[in-house]
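One letter stands for each residue in the lines below.
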Amino acid sequence: MLREVGLVPTIQRLAVLKWLCKTNQHPTADQVLTAVRRKFPSISRATVYNTLDALTKAGMILRLSVDPTATRYDADLGPHAHFRCRVCGKVYDIEMEKGKPVNVKADGHLVESVRTYAYGVCSDCLKKENQHA
């Protein structure tokens, strides 16, 4: 997959991409670093940041701005939206309505992706609130 987008498939790039493809946590770069270091203890912060940047530019992962405090990453390129809980800060995938305009022309522009961010209180935090009420 890396070669198809013009990237050399190094062990570090493969480790970062493999981990991102397995998680649904929408991690920050530091969370990716911590996870990948479990298997590759010598991987540097710069290598992880550069890999995330290269994978994003190659279109293999998404860089999310759903969290105002940190950039997060997602390897799920399928149509979906993101929800961020304002209480605990977790980011979840949520289903998108069918029929969102992707690969269509809009006012002369080609829409390649649609990113939707929703904010509120997640179900876990709502349960906690209700238990304390």
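Our structure's up above, just so we're on the same page.
The structure presented is a predicted model; accordingly, all values stated were derived computationally and were not measured.

Parameters and conventions
- Residues numbered from 1 in each chain as written.
- Predicted model: local features only at pLDDT ≥ 70, side-chain atom pairs only at ≥ 80, totals over all residues.
- Heavy atoms only, no water.
- Pairing = 2+ DSSP bridges.
- Helix = DSSP H or I, 4+ residues; strand = E, 2+ residues; numbered from the N terminus.
- Axes fitted to C-alpha atoms, helices over the stretch in contact; angles between N-to-C directions.
- Salt bridge = Lys/Arg side-chain N within 4 Å of Asp/Glu carboxyl O.

S.K.: Can you explain the sheet that holds strand β7 (residues 117-120)? Please cite residues and give values.
M.R.: The three strands lie next to each other as β4-β3-β7, forming an open sheet whose pairing is mixed. Strands with a single pairing partner mark the edges of an open sheet, and in this sheet they are β4 (91-94) and β7. In this sheet, adjacent strand axes meet at a mean angle of 30° when their direction is disregarded. Across four bridges, the pairing between strand β3 (residues 81-85) and β7 is parallel. Bridge assignment links F83 to a residue of β7, and that residue is A118.

S.K.: Outline the pairing of β4, supporting the account with residue identities and numerical values.
M.R.: Relative to β4, β3 is paired through four bridges, and the arrangement is antiparallel. Of the residues in β4, the one forming a bridge with F83 is Y92. Two successive antiparallel strands, β3 and β4, enclose a turn made up of five residues, where G89 displays a positive phi of approximately 85°.

S.K.: Before we move on, can you summarise the pattern of salt bridges with the specific residues and values?
M.R.: Under the counting rule described, the total for this entry stands at five salt bridges. Here the salt bridges do not stand alone but share partners, grouping D53, K57 and R63 into one network.

On their own, these measurements won't tell you what the molecule is for.
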